[in-house]
Amino acid sequence: MSNSRDNQILILKKEGLYCPAGDFYVDPRGQVKRALITHAHSDHARSGHENYLCSDSCRPLLQIRVGQKNKIESIPFGTKQTIQDAIVSFHPAGHILGSSQIRIEVRGRVWVVSGDYKPQADRTCEPFELVSCHGFISECTFGLPVYRWQPEEEIYDQINRWWKHNKDSGQGSLVFAYSLGKAQRIVAGLDPSIGLIYAHSAVHPFLEHYQNAGISLPEIKKIEKDTVIANGMVIAPPAVEDSSWMKKFRGVKRGFASGWMAIRGPRRRKNIDRGFVLSDHADWPGLIDVITGTGAEVVKLTHGNGDALSRFLGEKGINASVLNESSFREEELD
Amino acid sequence: MKEFSQLFHDLDEATKTNDRLDHLVQYLTDADPKDSIWVCWFLAGNRIKGAIKTSELRTFASERSGLPQWLLEECHDRVGDLAETISLLIASQGEGRGKVGLAELIGKFIEPMVGMEMEQRRENIFAAWDFLGEKDFLPFHKLLTGGFRMGVSKGNLCKALARVGGVQPAIIAQRLAGNWSPKTLRMEGILNPGVDEDRVCQPFPFCLANPLQEEVENLGSVKDWQMEWKWDGIRAQLINRGGTCMIWSRGDESVGHSFPEVMDAGKWLPGDLCLDGEILAWGQEGMRSFSRLQTRLGRKDPGPTILRREPVRFQAYDILRMEGSDLRSLPMEERRKKLEITLSSLPADFPIGLSPLVEGESWTNLAKLRQESRARGVEGFMLKKKNSSYESGRVKGSWYKWKIDPYLADMVVVSAQLGHGKRSNLYSDYSLAVWNEQGELVTVAKAYSGLSDSEIEKVDRFVRKNITGKFGPVRSVKPSMVFEIAFEGARSSGRHKSGVALRFPRIKRWRTDKKIEEADTLETIRGFTGMTGETKLADGTKVDREGNLLLF
């Protein structure tokens, strides 16, 4: 990219990051011939492309996301595959099940596209792997030092205590969490001895693939017409918050689990009873550790407001800049 | 400190007023009175002044966290609240080494900082950071930066204390009114079920009116109501107790020192009395504009020149105590009679007068009279039910302000600032500009209320993408958004480039259909409010010396 030797490895096109040596895109928009997919979240995995390549454990999730008809190939983590003049491999990103960083090697130069990642422990996905590279394209959703995560055990403890407290005062509990990744991660830490666990129908299709991947989750019930939640716990995607589906849960205490909950303003505006700071992205120390750990000479920041992070890295002698991406959004999903 | 921190976080997390009230009652019941008196003092809107400058706090936090100061500012911009930003950046020391009560903490770390040298303050703050636990940081920094409100109004504080002590909220409110500190008042004093002999120089909680939002005819017979002009002055209570006179403003501030002539006159009134009324700028010719009154505000012990040039008068419209007895439960009609008798034979140039009643046979007649409000320099009518008692705080159904419709103008957003509380990381405070004769946009107002939450978020997104410059906390924004602004009047001001400042500006709606070229001009605004280009103070004779409005 900016480095002249790396000029030809990755190019930013309107569809997204493009590798001319291998004639493929990473997490593209629009319609392309070959798409390499980091993970199955909808802002990275879009339908409409001709061919897909992803990690083995990402594949069933990606199928749900883009439809069965699409042609999806997958390879195990760490396996190198040659695509024309490029050698690519997938490495765990620790974001959600099957999420990958994509390593791209062209004529001896290595670039890594991080996708979304977190180096912190998460019992529902493969642990993050640090990959050495010359150039690193890093997400920076939480690229400010006010974002520092506590270990997930601490957050699980908070959620379970809250659930128990609500139960003891005769109330049900509901936590908003994205249906793929965050929902399963929360469920994995719930204490089923407190009560029954329910999930919105959007969460269910992904569950069996978590079981297949050997991730143990407590029993999760479907919500039927006549279901009474009582003192149970419901997991639902944030999108249903204002829908008529919520009518069933009047008087139920509402929580939201996201890295954005670290700050009081967003937490209070959500009009929820409790915010849990649980993120699937790297926090500030995580970003710094990973970026410096890769040994990359060039760092490009995407997905977030990278100005502060790039200036901070620059002051530490790392050549970092913001990748001018049209998909820039103020608040990434988390 | 642990109990206080817990209260702070409980209040912060609670989304319903009743839940907050419950938490507060619980705290006030359990906590050491030495600590809870401080909580009452903070929630009553007080702060410890001069402990530390925020610029110093920023510097120390930057040193402590090992982060450059520019990055701290970036974080502040995202978080919106300095106390919260610093709390998030200071690395946790775990549980906190020290166990002390709130009062002790204030005595140990906050009060001594007033008057310290900077180097000592640094040591002191670093020691506090070592001492406190992670959960204590935010409440501690809030106390330092003086922003401890936590969604508990003074009225709710009184309600909570009333529940704890089994005392009426009105009595609690009176005990918390005026100047006090945790050194002069104890919890026993606040919660004492007995009578307050020594507090009669304190004001009563003000009875406040709601804006009239329905058709005036719905109020029933006009005969059941007492009508007064709504003055454009400073609401105040005047208390005389055996020749000691005090004047209290609605902010529970003792303001008598700014109005010595009223204080002197008050001593001549019958003993042990409390009047409710309005302080107005008042010359030989009668009432003057609010802007004239401003030259007297906040000025302690004004000299003879200003006293002569800018005289004031206290217009009384209610009597709350007479000969030592509390009259607040009497009907308005009877209080009015007592007030008229008390103020019946005063000399004409006396700086205390009786606010006249407005007579109207029908609502229709009154509505017509109301149209003259602007010409008379008043804001409309006050409607008070004749059988109403004098309540604490904002009452429903018995007191209304029937104000004249505001002026409206379309203005351009030219800069924005982060809001507070719930809006602390949203650009929700805006500077608004109109076109001057040279075709420049000049600011005339700041407004921060009126938009819906979703509109504020939209504006926030626009602002962040269109920042053209930074001036401290202010971000200049590419002129593009047009807001319709409602306001009550205009006066000359050095604060805005236009030389004009609007009174009570608020956002009526976001004119997404208008381009900035269609915004109003400075000339239009001056024209609205009767200001000409040069004569900026709109003064005129509106009331005669007895307080009767002319043109009656």
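Residues numbered from 1 in each chain as written. Chains lettered and ligands numbered in written order. Predicted model: local features only at pLDDT ≥ 70, side-chain atom pairs only at ≥ 80, totals over all residues.

### Considering the interface of chain A and chain B
Threshold: A pair of residues counts as a contact when their C-beta atoms, built from backbone coordinates, are within 7 Å of each other. By the criteria applied, helices consist of DSSP H or I runs no shorter than four residues and strands consist of E runs no shorter than two, each listed in order from the N terminus. Ten residues, namely Ala, Val, Leu, Ile, Met, Phe, Trp, Tyr, Cys and Pro, are considered nonpolar, four, namely Asp, Glu, Lys and Arg, are considered charged, and the remaining ones, Gly among them, are considered polar.
Listed as interface residues are 15 residues of chain A and, on the opposing side, 22 residues of chain B. Breaking the side of chain A that touches chain B down by element, the ones donating at least two residues are α5 (264-269) and α7 (307-315) of chain A. Per element, the largest residue contribution to the side of chain A that touches chain B is four residues, and it comes from α5(A). Its residues placed into classes, the side of chain A that touches chain B shows six nonpolar, two polar and seven charged.

### Focus on the nonpolar core
Basically, it comes down to this: Only buried residues count toward a nonpolar core: Ala, Val, Leu, Ile, Met, Phe, Trp, Tyr and Cys, linked into one set through C-beta atoms within 7 Å. Around each residue's C-beta, the other C-beta atoms within 10 Å are counted; 20 or more make the residue buried, 12 or fewer make it exposed, and counts in between make it partly exposed. All C-beta atoms are placed from the backbone.
In terms of nonpolar packing, the biggest core is built from 146 residues, with A:Leu36, A:Leu62, A:Val146, A:Val175, A:Ile186 and A:Ile235 touching the most fellow members. When residues of this core are assigned to their parent elements, the largest contribution, six residues, is made by helix α3 (residues 33-43) of chain B. Dropping the residues within four chain positions of it, A:Leu62 is found in contact with A:Ile37, A:Ala40, A:Ala45, A:Tyr52, A:Cys54 and A:Ile72. Core analysis: the second largest hydrophobic core is formed by 48 residues, B:Ile234, B:Met246, B:Ile352 and B:Phe381 among them.

### Thoughts on the sheet that holds strand β10 (residues 109-113) of chain A
All names here are of chain A. Let me state the cut-off plainly: When DSSP locates at least two bridges between a pair of strands, those strands are taken to pair. Only the stretch in contact is used when a helix axis is fitted, and all axes are lines through C-alpha atoms; the angle between N-to-C directions ranges over 0 to 180 degrees.
Taken in spatial order, the seven strands line up as β7-β8-β9-β10-β11-β18-β19 in an open sheet, and their pairing is mixed. The open sheet terminates on both sides in strands that have one partner only, identified here as β7 (81-83) and β19 (319-322). Strand-to-strand twist of the sheet, defined as the mean angle between neighbouring strand axes without regard to direction, takes the value 20 degrees. Bridge count between strand β9 (residues 100-106) and β10: five bridges; the pairing is antiparallel. When the bridges of β10 are listed, Ile-102 appears paired with Val-113. Contacting β18 (298-302) and β19, α7 runs over the sheet at an angle of about 165 degrees to β19.

### Some remarks on the domain arrangement of chain A
Residue and element names in this part refer to chain A. The following threshold applies: Those domain boundaries reflect an automatic or database domain assignment.
Per the domain assignment, the segments of chain A are domain 1 (4-146 + 281-322) and domain 2 (152-276). On a C-alpha basis, the centroid separation for the pair domain 1 and domain 2 is 29 Å. Taken residue by residue, the interface counts 15 residues in domain 1 and 15 residues in domain 2. In the side of domain 1 that touches domain 2, the residues fall into nine nonpolar, four polar and two charged.

### Side note on the pairing of strand β15 (residues 427-435) of chain B
Residues and elements named next belong to chain B. Among the nine residues of β15, eight are classified as buried, and the element is accordingly described as predominantly covered. Summarising the sheet, strand β14 (residues 407-418) and β15 pair through six bridges and their orientation is antiparallel. The partner of Gln-417 across the bridge, within β15, is Asp-429. The pairing of β15 with strand β16 (residues 441-447) spans six bridges and is antiparallel. Counted as the bridge partner of Leu-432 is Ala-445 from β16. Counting the residues between successive antiparallel strands, the hairpin from β15 to β16 contains five residues, one of them, Gly-439, with a positive phi of roughly 75 degrees.

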